[in-house]
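Breakdown of the fold
Here's the letter readout for the chains.
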Amino acid sequence: MAFTITWPTGHITLDIGKFFGGADKKRVRKVLRLAKQYCTEDQREELITEINNEIKSRTAALDRCGELEFEREQVLRPFFG
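Reading the values: the criteria
- Residues numbered from 1 in each chain as written.
- Predicted model: local features only at pLDDT ≥ 70, side-chain atom pairs only at ≥ 80, totals over all residues.
- Heavy atoms only, no water.
- Helix = DSSP H or I, 4+ residues; strand = E, 2+ residues; numbered from the N terminus.
- Rg over C-alpha atoms; globule rule 2.2 N^0.38 Å.
- Buried < 20%, exposed > 50% of the residue type's maximum accessible area, 1.4 Å probe, protein only.
- Areas by Shrake-Rupley, 256 points an atom, 1.4 Å probe, with all protein chains shown as cover.
- Lys, Arg positive; Asp, Glu negative; His and termini not counted.
- Charge placed at Lys NZ, Arg CZ, Asp CG, Glu CD.
- Expected span 1.5 Å × (residues − 1).
- Bend = angle between axes of the 7 residues up to and from the residue.
- Core = buried A, V, L, I, M, F, W, Y, C linked by side-chain atoms within 4.5 Å.
- Contact = heavy atoms within 4.5 Å.
- Axes fitted to C-alpha atoms, helices over the stretch in contact; angles between N-to-C directions.
- Parallel < 35°, antiparallel > 145°, perpendicular 65-115°, else oblique.
- Nonpolar A, V, L, I, M, F, W, Y, C, P; charged D, E, K, R; others polar.

1. What about the overall build of the chain?
A count of helices and strands for the chain gives 3 helices and 2 strands. Listing each helix as α and each strand as β along the chain from the N terminus yields β-β-α-α-α. Taking 81 residues into account, the globule formula puts the C-alpha radius of gyration at 12 Å, and the chain, at 19 Å, lies well above it. Counting the 81 residues in the chain, one finds 17% classified as buried. Carbon together with sulfur atoms contributes 56% to the accessible area of the chain, which is approximately 6,400 Å² in total. Side-chain charges in the chain split into 14 positive and 13 negative, and the spacing between the mean points of these groups amounts to 9 Å.

2. Considerations on helix α3 (residues 41–80)
Helical geometry note: an α-helix holds 3.6 residues per turn, so side chains three or four residues apart project in the same direction. With 40 residues, α3 should reach 58 Å at 1.5 Å per residue; the first-to-last C-alpha distance of 57 Å fits that figure. At Q74, α3 is bent by approximately 25°, the largest bend along its length, and proline P78 sits one to four residues beyond. Trailing α3 by a residue or two, G81 shows a phi angle of about 75°, which is positive.

3. Looking at the nonpolar core
Judged by nonpolar contacts, the single largest core of 13 residues is most densely connected at F3, I5, F19 and L47. Counting only elements with at least two residues in this core, the list comes to β1 (2–7), α1 (16–22), α2 (25–38) and α3. Here this core gets 4 residues from one element, more than from any other, and that element is α2. When sequence neighbours within four positions are dropped, the list of residues in contact with L47 reads F3, I16, F20, L32 and A35.

4. Here's the deal with the packing of α2 against α3
Where α2 contacts α3, the axes come no closer than 8 Å and their chain directions differ by 150°. The orientation of α2 relative to α3 falls into the category roughly antiparallel. On α3, the residues that touch L32, A35, K36 and Y38 of α2 are Q43, R44 and L47. In the contact of α2 with α3, the residues fall into 4 nonpolar, 1 polar and 2 charged.

Okay, structure coming up:
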């Protein structure tokens, strides 16, 4: 999901998953500071909701990968001991 922060001299549009998945702490703090200063309460709530959704989605994907790895081990164990 794209999220836009607009301030008097510019704006930034972020892909929430890409940005928060790869940004360093300094960049995250800067973006959150801009959101706090220039976004409405509704926009900030939307941002928090989308960040939480991204966390849940990634956690579910990682959990599923763990399950698949366990299943793979169970299938291969009889063949390789």
